[in-house]
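Take a look at the letters that make up each chain.
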Amino acid sequence: MTFEDIIGQREMAERLRNLADNNRLPHAIMLCGPQGSGKMALAIALASHLLGTTDQAWAMLKNYQHPDLHFAFPIIRPKGASSDKKFDSDDYMAEWLEMLRNDGAYFDLPTWLHNIKVENQQSAIPVAESDRLMRIFSMKSNQGGKKIAIIWLPEKMNIECANKMLKLIEEPPADTHFIMVSLHPELLLETIRSRVQRFDVKPIAQEDIIDALVQRRGLSVEDATRTARIAGGNWLKAVTLLEPGNEEMLFFDMYVMLMRLAYARKVSDLKKWADQCAALGREKQIRMLETFQRLTREYFMYNFHQPELTYMTDEEENFAKKFSPFINENNIIGMYELFQRVIRDIGQNANPKIQFFDLTMKMAVFIHKQK
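Residues numbered from 1 in each chain as written. Predicted model: local features only at pLDDT ≥ 70, side-chain atom pairs only at ≥ 80, totals over all residues. Heavy atoms only, no water.

## A word on the packing of helix H2 (residues 39-51) against helix H3 (residues 55-62)
Let me state the cut-off plainly: Between N-to-C directions, angles cover 0 to 180 degrees, with each direction set by a line fitted to C-alpha atoms, over the stretch in contact for helices. Runs of H or I in DSSP of at least four residues are treated as helices and runs of E of at least two as strands, each being numbered from the N terminus. Small angles under 35 degrees read as roughly parallel and large ones over 145 as roughly antiparallel, with 65 to 115 read as roughly perpendicular and the rest as oblique. Handedness of a helix crossing follows the sense of rotation of the near helix relative to the far helix, less than a right angle counterclockwise being left-handed and clockwise being right-handed. Two residues qualify as a contact provided that any one of their heavy atoms is within 4.5 Å of a heavy atom in the partner residue. Polar here means any residue other than Ala, Val, Leu, Ile, Met, Phe, Trp, Tyr, Cys and Pro, which are nonpolar, and Asp, Glu, Lys and Arg, which are charged; Gly is therefore polar.
At a minimum axis separation of 9 Å, H2 and H3 run at an interaxial angle of 155 degrees. Comparing the axis directions of H2 and H3 gives the class roughly antiparallel. Note that H2 runs across H3; the crossing there is right-handed. The segment H2 lies against H3, with Ser48, His49 and Leu51 engaging Ala57, Trp58 and Leu61. Taken together, the residues of the contact of H2 with H3 break down into four nonpolar, two polar and no charged.

Okay, here's the thing in structure tokens:
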């Protein structure tokens, strides 16, 4: 992947390229930013720029086969492995490279875990990963140049791995670069954060997503514009919205069901709804609640009758025509903060059955707060 292949992010791409070309790129950097902003694409493009010194090197990079480009990423213990087996990214490297070749550099953790068939399981970067990288970087470069490690989601390192990585970053071998790609840098050890140069990647500009949807996906400008507005700078979300039966449609259906049952105050049905939500994985629960926040905001703004302020699909807008009056000044803040509180608690491993049932009971109160 080259910098030209990246969707938008021209300013950041040029900044990284200039640092590399002028030999001013720090040996350890961290690309931070929201989901779907292209952090991994920037990391791979930068690594390719550093390693692609010959036609042969570019040919290897095109298929992710360059021997001096290494990846580390969250994994779980391989199925059937004994409890004392040390495992690292090499155990999943074939699946990782297949994903990169087939899907490109735009993906998220649920996609990766789905590819290795371990959805809803707790993944991590184990201590054996730091041992693996230390071993790799203790040897000479295969091609006689730089050696690069792209560490995806370094905040998933367990504490022992993080401490060993800290030592490796503090005393790096010559001609070695560490490129971290982080979604939640605040979860990483402060000692590591203080020793890497942070680059904050912004959401992709709306016009860049529109152009990519038109050129790469064949959408009309009108459809691309509507999709880009909902995506909010997230290319992954933009692509997901194009899939039939996509996750956002499921979340929309769950939202509609919640609001109708809450209005009717059907406690037994609300409990069934809560149990259905509790059966989802935590990451999916959080994404669903974030969609609920977005929809609540859109339905409140719909009351102002200014289309330029709303970002909805056709189905969402059709529901808004009758439902939007039920989201008003008396309940919008309470609803939004309720969703935010459940997102926080679910993220901290609170019991999802209790959280979602409590949400339904409070929502039954909020929705009846009329003007």
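## Some details on the environment of Phe366
Positionally, Phe366 belongs in helix H17 (residues 352-366). Measuring from C-alpha to C-alpha, the distance between Phe366 and Phe326 comes to 9.2 Å, with 40 residues separating the pair along the chain. When residues no more than four places from it in sequence are discounted, the contact partners of Phe366 are Asn331, Gly334, Met335 and Leu338.

## What to know about H2
Residues lying three or four places apart along an α-helix face the same way, a consequence of the helix completing one turn every 3.6 residues. Formally: By this rule, a helix spans an expected 1.5 Å times one less than how many residues it contains. Under the scheme applied here, a residue whose accessible area is under 20% of the maximum for its type counts as buried, over 50% as exposed, and between as partly exposed, the area being computed with a 1.4 Å probe on protein chains only.
The end-to-end C-alpha distance of H2 is 18 Å, a good match for the 18 Å that 13 residues give at a rise of 1.5 Å each. When you tally the buried positions in H2, you get 12 out of 13 residues, the bulk of the element.

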